[in-house]
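So the chains spell out like this:
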Amino acid sequence: MTESDLNQLVSQTAAPQDTRPLRSQERSRTRATHTVVHGDMNGENRLFGGRLMEWIDEAAGIAARRHCGGSVTTACVDSLVFKNPAYLNEIVVIDAYVTYVGKTSLEVRVDSYVEDVATGERKQINVAYLTEVCVGEDERPRRIPFGLKLDTDEQRNEWHMAQIRKMIRRERQEQGI
Ligand SMILES: CC(C)(COP(=O)(O)OP(=O)(O)OC[C@H]1O[C@@H](n2cnc3c(N)ncnc32)[C@H](O)[C@@H]1OP(=O)(O)O)[C@@H](O)C(=O)NCCC(=O)NCCS
């Protein structure tokens, strides 16, 4: 992808054309809370990354199912960044929302936080982007019946950044990286 391809994508601000009925981000938004218990810890007495990834995958899958109104499967997890640790007994808040809807796949962003019960403040511990594919009974990709309603500039910006991530994923796949 050239710099001008990137600039062209980022400069687009209009909502995309979509002939499908639209569903809002809020309709499928999925929030979950977990207490970190002994079984979630790793040998360093921190939350085990694999457990957090399980919680992220589950929340993303639910958000995607809510949007598609049917079954989905996770095709790809990328840009999964661990920013801060979490410790025993802390409350982990997961917030998953759809950023982009393609023909049969959609992207879900998942933010994870540790919540301070005393102040209600949240510290981000992880951000991840997952690609979920809507599948039929034959487990093959199926057209997603709903587009995404973009209400705010932030949502429109997320959409265009998701398009860039999709192009990068495709290029990586094609080049076997
Ligand atoms: C996901 C799966 C159904 C895709 O099948 P496929 O034949 O590769 O699908 P296609 O090439 O027709 O692509 C379908 C859509 O998925 C997207 N896609 C496929 N592979 C992808 C990947 N690795 N990363 C990101 N997107 C991907 C395509 O871009 C396309 O999106 P679009 O229709 O919105 O443009 C298939 O690879 C699969 O079943 N994988 C296993 C999934 C699974 O078991 N997940 C749980 C892991 S424990």
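Residues numbered from 1 in each chain as written. Predicted model: local features only at pLDDT ≥ 70, side-chain atom pairs only at ≥ 80, totals over all residues. Heavy atoms only, no water.

Where we set the bar: UniProt positions are given in the numbering used here, feature names are shortened, and annotations may be inferred rather than shown by experiment.
Per an unreviewed UniProt entry, the recorded name for the protein chain is Acyl-CoA hydrolase, and the organism is Parafannyhessea umbonata. Of the protein chain, the UniProt comment under Sequence similarities (unreviewed entry) reads exactly: "Belongs to the acyl coenzyme A hydrolase family."

### Quick word on the layout of surface pockets
Put simply, the test is: Definitions used for this entry: grid spacing 1 Å over protein atoms alone; cavity, a set of points where a 1.4 Å probe fits but cannot get out; pocket, an open set with protein on both sides within 12 Å along at least 5 of 7 lines; lining residue, one with an atom within 4 Å of a point. Grid points are joined across faces, edges and corners, and a volume is the space filled by probe spheres set on the points. Only DSSP runs of H or I with at least four residues qualify as helices, and only runs of E with at least two residues qualify as strands; both kinds are numbered from the N terminus onward. Residues are sorted three ways: Asp, Glu, Lys and Arg are charged, Ala, Val, Leu, Ile, Met, Phe, Trp, Tyr, Cys and Pro are nonpolar, and all the rest, Gly among them, are polar.
If you add up the space inside the largest pocket, you get close to 370 Å³. Lining the largest pocket are 16 residues, with Ala75, Cys76, Thr131, Arg169 and Gln173 positioned closest to its centre. Of all elements in the fold, only strand E3 (72-82), strand E5 (105-115), strand E6 (122-134) and helix H4 (153-175) reach the threshold of two or more residues within the lining of the largest pocket. Here the element with the most residues in the lining of the largest pocket is H4; it accounts for six residues. Within the lining of the largest pocket, the residues separate by chemical class into six nonpolar, four polar and six charged.

### Describing the nonpolar core
Threshold: For our purposes a nonpolar core is just a set of buried Ala, Val, Leu, Ile, Met, Phe, Trp, Tyr and Cys residues, chained together by side-chain atoms within 4.5 Å. Buried, partly exposed and exposed residues are distinguished by accessible area as a fraction of the type maximum, computed with a 1.4 Å probe on protein chains only: under 20%, between the cut-offs, and over 50%, respectively. Every residue pair with non-hydrogen atoms within 4.5 Å of one another is taken to be in contact.
Counting residues in hydrophobic clusters, the biggest one holds 32 residues, and the most contacted among them are Leu47, Leu52, Val92, Ile94, Leu106, Val108 and Val110. Per element, the largest residue contribution to this core is eight residues, and it comes from helix H3 (residues 49-68). Leave out the neighbours within four places in its chain, and Val92 touches Ala32, Thr33, His34, Val36, Leu47, Leu52, Trp55, Ala86, Tyr113, Val114 and Ile125.

### Quick look at the packing of aromatic side chains
Here is the rule: Pairing of aromatic side chains here covers Phe, Tyr and the six-membered ring of Trp, requires ring centres within 6.5 Å, and sorts the geometry by plane angle: under 30 degrees stacked, over 60 edge-to-face, intermediate tilted. By definition, being over a ring means that NZ of Lys or CZ of Arg is both within 6 Å of the ring centre and within 35 degrees of the ring normal.
This model, assessed by the stated rule, comprises one aromatic pair. Positioned over the ring face of Phe146 is Arg23, at 3.6 Å from the centre of the ring. The cationic tip of Arg165 hangs over the ring face of Tyr129; the distance from NZ or CZ to the ring centre is 3.6 Å.

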